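# Overview (structure and organization)
The primary structure of each chain is shown beneath.
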Amino acid sequence: MKITIPENFIIGAASSAWQTEGWVGKKENQDSYLDRWYKNEKFVWHNGYGPAVATNFMEKYQDDVDLMKEIKLTHYRTSINWARFFTDHEQLIVDEDYAQHISDVIDALLAAGVEPMLCLEHYEVPAVLSDKYDGWSSRKVVDLYAGYAKIAFERFGDRVKQWFTFNEPIVPQTRIYLDAMRWPHEQNTQKWLLWNYHKVLASAKAVEIYHELNQGGRIGCVLNPEMVYARSSSEADQKAAAMYDLFFNQIFFTPMIKGIYPQELIDICQAHGVWIETAAEDLATIKENTLDFLGVNQYYPKRVRSPKYAPNAETPFHPEIFYDTFDLPGKQMNNSRGWEIYPQVMYDMALYLKNNYGNIPWLITENGMGRENEEQYQDETGMVQDSYRIDFIRQHLRYLIKAVEEGANCEGYMLWAFTDCVSPMNAFKNRYGLVRIELNEERTRSMKKSGLWYKSIIETRQFEVADEQEYK
Ligand code: BG6
């Protein structure tokens, strides 16, 4: 079947600062939370690789931009590394070397015909603010972030017209404080809520500042909602799915798009003694400064069922008292990453946004397939023959375009990632790129088969897709 890509529908790619840059030129006090975690728990990072060298984008960005030009990519998202943007994170003294790097990258992209989209925080919260203020636990960090946002808009807003306040703001505190699986291993559900709330507030402040500056662009946030599927139509399973949606999706969607917190969320958290104090003035900021558009990172479905067992009264409150994860027999898997492959999530998420959030403009800011041991697919010229990635993209795009044809307000698809890059903990284990990165000193780049295929769909605005797909 032939699929036509709608006019003006963006076909882009993404990455982030910390996952590509490397530490060349980084100063003593410029560790981000991620850098600190890498230094403290290097053993959890696959084969010891991490942000230290990453893809050495600091020195090699022009090579990547040239490859973007080669495949005629039109949009690229990355982030500014907040931790590296200042030499003094409280006095907001800009690191002019780093700011120049960002400026150079923007210019290089524009010269290659690629529109830069910038995110203010892709987990790069400065470690000095984690030390002094316990990171997003503090209202002070919200104000420091707002100061940072203003300077970033003033410096780059003439050339960057699409901004994101955060990437997946729910993720770090979920891993750190809700699930306590990351350093510093503290389980604290109330702190999880506080970090969520402070990020919603910080995002609203950035939106407010951006609109005041009147730079003729727009500002959104990249969220990672999970499309939730109940095991069955039973009331209990349906409730489990609704609770998961409330605690992990609506918790950001509703305040950021509608300007308010879901009352049900507040009631449940209050009943369990974990709700947080909120100031009327801050709630007004959230109410008045909703997003212009949304970025959605979408990789896999979430399947739940009603819990098998009653909660243990001694375990601190965690939303998982409302659901168990359900393992669907026969599901297709990306075994390298351990994620289910279910391309229909694209369609279902599009309709979810259309039906529940006023059809806000949005785009897929991440989707992609991380695969292990890609060297086994290199041909005699060294090109990775990643047909599985092409099949994965085709199927996801096809479902997304179907939703657009039915009135979903989705403006594009940005693949994660343009080049292979460093993942939290998995480092270079799973490769995501259209471009391969060798782990040699030069971090040599080479186009994969998927890069050339991406070029062909950008040029022809069409692609073929099979009705059924098995992912080998
Ligand atoms: C997204 C993040 O959740 O998924 C990226 O925004 C991340 O930073 C990507 O790299 C893929 O996940 P992972 O864990 O395989 O790198």
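These figures come from a predicted structure and were not determined experimentally. (Residues numbered from 1 in each chain as written. Predicted model: local features only at pLDDT ≥ 70, side-chain atom pairs only at ≥ 80, totals over all residues. Heavy atoms only, no water.)

### Looking at the side chain of K302
The test is simple: Numbered from the N terminus, helices here are DSSP runs of H or I no shorter than four residues, and strands are runs of E no shorter than two. When a residue's accessible area, from a 1.4 Å probe over protein chains only, is under 20% of the maximum for its type it is buried; when over 50% it is exposed; and in between it is partly exposed. His is not counted, nor are the chain ends; Lys and Arg add positive charge and Asp and Glu add negative charge. Salt bridge criterion: a side-chain nitrogen from Lys or Arg within 4 Å of a carboxyl oxygen from Asp or Glu. Pairs of N or O atoms are called polar contacts if they sit within 3.5 Å, as long as, within protein, a hydrogen donor faces a hydrogen acceptor (for residues adjacent in sequence, only side-chain-to-side-chain pairs). Any pair of residues with heavy atoms lying within 4.5 Å of one another is described as a contacting pair.
Counting through the fold element by element, K302 comes out in strand β11 (residues 302-305). Among buried charged residues, K302 stands out as having no salt bridge; its nearest opposite-charge side chain is E226, 5.2 Å away. Polar side-chain contacts of K302 include one of 3.0 Å to the side chain of T325. Contacts of K302, omitting those with residues within four sequence positions, involve E226, M227, V228, Y229, Y244 and T325.

### A few points about the site of the ligand
Rules: We call a residue near a molecule or strand when any one of its heavy atoms sits within 4 Å of it. The protein chains shown are the only cover counted for residues, whose accessible areas, like all others here, come from Shrake-Rupley with a 1.4 Å probe. Under the scheme applied here, ten amino acids are nonpolar (Ala, Val, Leu, Ile, Met, Phe, Trp, Tyr, Cys and Pro), four are charged (Asp, Glu, Lys and Arg), and all others, including Gly, are polar.
Around the ligand, the structure places 14 residues, and the nearest of them are E168, R337, E366, S423 and Y432. A distance of 3.5 Å is found between an oxygen atom of the ligand and a side-chain nitrogen or oxygen belonging to W416. Here S423 contributes a side-chain N or O atom positioned 2.5 Å from an oxygen atom of the ligand. Protein contact buries 93% of the 380 Å² of open area that the ligand shows by itself. Class assignment of the residues belonging to the shell around the ligand gives a composition of 6 nonpolar, 5 polar and 3 charged.

### Some words on helix α12 (residues 280-288)
Rule in force here: Our arc is simply the arc of the directions from the helix axis toward the C-beta atoms.
By the burial criterion, the buried members of α12 are D282, T285 and I286. The arc that holds every buried residue of α12, seen down its axis, measures 100 degrees, which confines them to one face. Among the exposed residues of α12, those pointing more than 90 degrees away from its buried face are A280, E281 and E288.

### A closer look at the pairing of strand β2 (residues 10-14)
Put simply, the rule is: When DSSP finds at least two bridges between two strands, those strands are taken to pair.
Of all 5 residues in β2, 5 are buried, a share of seventy percent or more. Here β2 shows no split at all, with I10, G12 and A14 on one side and I11 and A13 on the other all buried. By the bridge criterion, 5 bridges tie β2 to strand β16 (residues 410-416) in an arrangement that is parallel. Bridge pairing in β16 links I11 to Y413. Pairing of β2 with strand β3 (residues 75-79) involves 2 bridges; the strand directions are parallel.

### A look at the packing of helix α8 (residues 171-178) against helix α9 (residues 189-213)
Counted only if it meets this: Helix axes are fitted only over the stretch in contact, all axes being lines through C-alpha atoms; the angle between N-to-C directions runs from 0 to 180 degrees. Relative orientations are named as follows: roughly parallel for angles under 35 degrees, roughly antiparallel for angles over 145 degrees, roughly perpendicular for angles from 65 to 115 degrees, and oblique for any other angle. Two helices that cross are described as forming a left-handed crossing if the nearer one is turned anticlockwise from the farther one by less than a right angle, and a right-handed crossing if clockwise.
Relative to each other, α8 and α9 sit at 165 degrees, their axes nearing to 9 Å. It follows that α8 is roughly antiparallel to α9 by the angle criterion. Here α8 runs over α9; the crossing is right-handed. Taken together, the residues of α9 that come into contact with α8 (itself represented by P172, Q173, T174, Y177 and L178) are T189, K191, W192, W195, N196 and K199. In terms of residue class, the contact of α8 with α9 is made up of 5 nonpolar, 4 polar and 2 charged.

Geometry only, nothing functional implied.
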